[in-house]
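The lines below spell out each chain.
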Amino acid sequence: MPVPLTSAAVDALRARAPGAHRTTHFNHASASLPSAATLEAIHAHLLREAMQGPMEASLAAREQTEHARVLAAQLLNAQPGEIALTGGNSPGWGAAFAALGPWRAGERILVGRQEWGGNLATMRLVAQRAGAVMETIPCDASGAVDPQALEAMLDERVRLIALTWLPSNGGLINPAAAIGQVARRHGIACFIDAAQAVGQVPIDVAQLGCDVLTGVGRKALRGPKGTGLLYVRQGFLPRLTPAFVDTRSAPLGDDGEPVLRDDASRLEPSEVSLALRCGLANALQEALEIGLDNIRARIDSTAQALRAQLAQIPGITVLDLGHEHSGLVSFNLAAHDAVDVQRRLAAQGISIGSNGVAYTPLDMNARGLRQVARASVSYLTTEAEIDRLLSALRRV
Ligand SMILES: Cc1ncc(COP(=O)(O)O)c(C=O)c1O
């Protein structure tokens, strides 16, 4: 049963998060603070490996380590066979993109303006080699990617639409379902980067209409660093031939030909940290128990309160685009660069992020920004923490 996030419930969750009382964390969008139970799940498997032998422990704990896949499917309203467990967002996104196979000259990739820089670089390398082209989908007046403008760009040469749903450089929430529906209507492959969305907002891949969606464990899910998830729609799987395989993802058959696994784990390496997978399973379980509607509501109200109070501080400009906002709050402080603000706050035990152009180059360049300071909240964030951040910023 989902637990409503009352103040008492948040205090109880904070009491079970060892970092929550040691640091004032406004960098949940980079990586959040795991619970003690998530840490214990990791340690427990490492101990099993040390005591039984790592291979023997992995056989004995297979059900437990596979649990992460089942829970990830539940989180996304997908089937377990549609989930590959990865080492982060980029490994999953890159594996799926590379598996699309060769590109031809003149083929088009349409990307949202806030696309993650790593995805852009991956696409650019391939596009340049093949003579394919990348084009940016225009934004509406609020700064969100515009589904109507996308529809107007389509022709038979468009092979992929790529959207970052909740961008890393601010509070925008892009209309992912509307973009996915355009792609689905026209039969064009659609990849959604949900690195910031997984664990922060409710997700239903059927409603999104995407073929591929990627997420990461260490951010809103509060899972371990080095974990991620990749959803591939079952009907899309036959179109993905992994760029490389191993003895698990494509064992050689009797005739010497590789036999690709018929589920998303064809995109998964066999050599992974099962201890981290145990930790991820625990983090997924916790998020599902709290309930994604509860998490979204709490993050939204906390981020809105922070945004409103930040805007009152002389010299601060809040930079979040769009109508609907996430738990990422971006701002700049006049006469200070974001790295300097981050450094000054860190000296007082407060963590925020500072994002340069490289994370979202198309958007940063379009807006003439070189850096943004980013304070990102979690459902663990309290009013007292917001007060601490604001008074430290007033002193800067
Ligand atoms: C929207 C988005 N996509 C992708 C990434 C990259 O994730 P990873 O470092 O797990 O590859 C990030 C990281 O912050 C992100 O915010």
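Refer to the preceding data block for the structure.
Reading the values: the criteria
- Residues numbered from 1 in each chain as written.
- Predicted model: local features only at pLDDT ≥ 70, side-chain atom pairs only at ≥ 80, totals over all residues.
- Heavy atoms only, no water.
- Pairing = 2+ DSSP bridges.
- Helix = DSSP H or I, 4+ residues; strand = E, 2+ residues; numbered from the N terminus.
- Axes fitted to C-alpha atoms, helices over the stretch in contact; angles between N-to-C directions.
- Near = heavy atom within 4 Å.
- Polar contact = N/O pair within 3.5 Å; in protein donor to acceptor, adjacent residues only side chain to side chain.
- Areas by Shrake-Rupley, 256 points an atom, 1.4 Å probe, with all protein chains shown as cover.
- Nonpolar A, V, L, I, M, F, W, Y, C, P; charged D, E, K, R; others polar.
- Contact = heavy atoms within 4.5 Å.
- Salt bridge = Lys/Arg side-chain N within 4 Å of Asp/Glu carboxyl O.
- Buried < 20%, exposed > 50% of the residue type's maximum accessible area, 1.4 Å probe, protein only.
- Phe/Tyr/Trp six-rings, centres within 6.5 Å; stacked < 30°, edge-to-face > 60°.
- Lys NZ or Arg CZ within 6 Å of the ring centre and 35° of its normal.
- Core = buried A, V, L, I, M, F, W, Y, C linked by side-chain atoms within 4.5 Å.
- Left-handed = near helix turned anticlockwise from the far one by under 90°.

Participant: Could you give an account of the sheet that holds strand S10 (residues 328-333), naming the residues involved and the relevant values?
Facilitator: Taking strand neighbours across the sheet as the criterion, the four strands line up as S9-S10-S13-S12 in an open arrangement whose pairing is antiparallel. Edge positions in the open sheet fall to strand S9 (316-318) and strand S12 (353-356), since each of these has one partner strand only. With direction set aside, neighbouring strand axes in the sheet form an average angle of 35°. In the sheet, S12 pairs with strand S13 (residues 371-376) via four bridges, with the strands oriented antiparallel. Residue pairing in the sheet places Gly356 in a bridge with Gln371 of S13.

Participant: Mind laying out the site of the ligand, listing which residues take part and the relevant values?
Facilitator: In the region of the ligand, 13 residues are neighbours, and Asn89, Ser90, Asp193, Arg218 and Lys219 sit closest. Between Asp193 and the ligand, the recorded distance is 2.7 Å, taken from a side-chain N or O atom to a nitrogen atom. At a separation of 2.9 Å, an oxygen atom of the ligand approaches a polar side-chain atom of Gln196. Burial of the ligand by the protein amounts to 87% of the accessible area it has alone, namely 400 Å². Taken together, the residues of the shell around the ligand sort by class into four nonpolar, six polar and three charged.

Participant: Any details on the sheet that holds strand S3 (residues 108-111)? Residues and values, ideally.
Facilitator: Sheet architecture is open: seven strands sit in the order S2-S8-S7-S6-S5-S3-S4, paired in mixed fashion. Pairing within the sheet leaves two strands with one partner each, and these edge strands are strand S2 (83-86) and strand S4 (133-136). Pairwise comparison of adjacent strand axes, ignoring direction, gives a mean angle of 20° for this sheet. Relative to S4, S3 is paired through four bridges, and the arrangement is parallel. Across the sheet, the residue bridging to Val111 is Thr136, located in S4. Sitting on the sheet, helix H5 (residues 89-98) touches S2, S3, strand S5 (158-164), strand S6 (189-193), strand S7 (212-216) and strand S8 (228-232), and the angle it makes with S7 is about 160°.

Participant: With reference to specific residues and values, describe the pattern of salt bridges.
Facilitator: Scanning all chains against the criterion turns up 20 salt bridges. Glu107 is the partner of Arg159 in a salt bridge, and the nearest nitrogen-oxygen pair spans 3.0 Å. Separated by 52 residues along the polypeptide, Arg159 in strand S5 and Glu107 in the loop between H5 and S3 bring together distant segments of the chain. Classification of Glu107 as buried rests on a relative accessible area of 10%. We note a salt bridge from Arg296 to Asp300, for which the minimum N-O separation is 3.8 Å. Linking Arg296 with Asp300, this pair stays in helix H11 (residues 292-312), spanning four residues, or about one helical turn. An identical accessibility class is assigned to Arg296 and Asp300; each is buried. Linked through salt bridges whose partners overlap, the residues forming this network are Glu66, Arg69, Arg248, Glu268 and Arg277.

Participant: Hey, could you go over the packing of aromatic side chains for me, with residue numbers and the actual values?
Facilitator: All chains considered together, the criterion is met by four aromatic pairs. Ring plane angle 80° and centroid distance 5.5 Å describe the contact between Trp93 and Phe191, whose orientation is recorded as edge-to-face. Of this pair, Trp93 sits in helix H5 while Phe191 sits in strand S6, placing them 98 residues apart in sequence. In this structure Trp93 comes out as buried when scored by relative accessible area, which is 1%. Here the aromatic rings of Phe97 and Trp103 are separated by 5.7 Å at their centres, their planes lie at 25°, and the arrangement is stacked. Like Phe97, the residue Trp103 is buried in the burial classification. What links up through ring pairs into an aromatic cluster is the set Trp93, Phe97, Trp103 and Phe191. Its guanidinium or amino end placed over the ring of Trp103, Arg159 lies 4.2 Å from that ring's centre, counting from NZ or CZ.

Participant: I'd like a description of the nonpolar core, backed by residues and values.
Facilitator: Membership of the largest hydrophobic core comes to 78 residues, with the highest contact counts inside it found for Leu76, Ile161, Trp165, Ile203, Leu213 and Leu306. The residues contacting Ile203, other than those within four sequence positions of it, are Leu75, Leu76, Asn77, Trp165, Ala197, Val198, Leu208 and Leu213. Ranked by size, the runner-up nonpolar core spans 26 residues in total, among them Phe97, Ile109, Leu230 and Val232.

Participant: For the packing of helix H4 (residues 62-76) against helix H10 (residues 274-290), give the residues involved together with the corresponding values.
Facilitator: Close contact between H4 and H10 brings their axes to 8 Å; oriented N to C, the two are set at 35°. The handedness of the crossing between H4 and H10 comes out as left-handed. For the pair H4 and H10, the contacting residues are Gln64, Thr65, Glu66, His67, Ala68, Arg69, Leu71, Ala72, Gln74 and Leu75 in the first and Leu274, Arg277, Cys278, Leu280, Ala281, Leu284, Gln285 and Leu288 in the second. Split into classes, the residues belonging to the contact of H4 with H10 amount to 10 nonpolar, five polar and three charged.

Keep in mind that these numbers describe shape and distance, not what the molecule does.
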